[in-house]
Amino acid sequence: MANLSRVAGLEAARVFALAAVALVTALFAVVIVRADRFQHSRAIFAAIHSRSDAPRVACFNRLEPSWVFYAGKPLTNYKSTADASAFLASGTDAFIVTS
């Protein structure tokens, strides 16, 4: 009888573990898709690339990891308005992203 109880306990643990993995996977699949609707980085960088063949992109006073991902290269983070203004004045292919 004790052996049967232990086997039933192991089976219950396996079922619980599989159910937990399935629940977490389903939850993240739904949450990630819904959260992505609030992510505008892809659209911002698509707009930048539609206006320049070789854009130079920097950011002002804030650097988001998603910006680096969608830019496909490291971004300079300007802290002063004078530096950011000078960067923007350096050509029509210069863009600043900020929030």
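Being a predicted model, the structure only gives us computed values, none of them experimental. (Residues numbered from 1 in each chain as written. Predicted model: local features only at pLDDT ≥ 70, side-chain atom pairs only at ≥ 80, totals over all residues. Heavy atoms only, no water.)

(A) Structural view of the nonpolar core. Ranked by size, the top nonpolar core spans nine residues in total: Phe45, Ile48, Val57, Cys59, Trp67, Ala71, Leu75, Phe95 and Val97. Non-local contacts of Val57, meaning those with residues more than four positions away in its chain, are made with Phe45, Ile48, Leu75, Thr76, Phe87, Phe95 and Val97. Counting residues in each nonpolar core, the second largest holds five residues, with Ala58, Tyr78, Ala84 and Ala94 among its members. (Core = buried A, V, L, I, M, F, W, Y, C linked by side-chain atoms within 4.5 Å. Buried < 20%, exposed > 50% of the residue type's maximum accessible area, 1.4 Å probe, protein only. Contact = heavy atoms within 4.5 Å.)

(B) Examining the side chain of Ser52 more closely. For Ser52, the position within the fold is in the loop between helix H2 (41-51) and strand S1 (56-60). Accessibility expressed as a relative area gives 11% for Ser52, which makes it buried. Within the structure, Ser52 has its side chain in polar contact with the backbone nitrogen of Ala54 (distance 3.4 Å). (Helix = DSSP H or I, 4+ residues; strand = E, 2+ residues; numbered from the N terminus. Polar contact = N/O pair within 3.5 Å; in protein donor to acceptor, adjacent residues only side chain to side chain.)

(C) Up close: H2. Taken residue by residue, H2 has Ser41, Phe45 and Ile48 as its buried positions. What you see down the axis of H2 is that its buried residues fit within an arc of 55°, all on one side. Every exposed residue of H2 that faces more than 90 degrees away from the buried side is listed here: Ala43, Ser50 and Arg51. For H2, the elements touching its buried residues are S1, helix H3 (65-71) and strand S3 (94-97). (Arc of directions from axis to C-beta.)

(D) Representation of the pattern of salt bridges. Applying the stated criterion across every chain yields a total of three salt bridges. Across the salt bridge formed by Asp93 and Arg56, the nearest N and O atoms sit 3.2 Å from each other. Highlighted residues: Asp93 in the loop between helix H4 (81-89) and S3 and Arg56 in strand S1, separated in sequence by 37 residues. A residue is classified by how much of its surface remains accessible, and Asp93, at 23% relative accessible area, is partly exposed. Of the residues examined, Arg56 reaches a relative accessible area of 29% and is grouped as partly exposed. (Salt bridge = Lys/Arg side-chain N within 4 Å of Asp/Glu carboxyl O.)

(E) Quick peek at the sheet that holds S3. Spatially, S2-S1-S3 is the arrangement adopted by the three strands of the open sheet, whose pairing is parallel. With one partner strand each, in any of the chains shown, strand S2 (76-78) and S3 form the two edges of the open sheet. Averaged over all pairs of adjacent strands, the angle between strand axes in this sheet comes to 35°, irrespective of strand direction. The sheet strands contacting H2 are S1 and S3, and the helix crosses S3 at an angle near 170°. Packing of H4 onto the sheet brings it into contact with S1, S2 and S3, and relative to S3 it is tilted by some 145°. (Pairing = 2+ DSSP bridges. Axes fitted to C-alpha atoms, helices over the stretch in contact; angles between N-to-C directions.)

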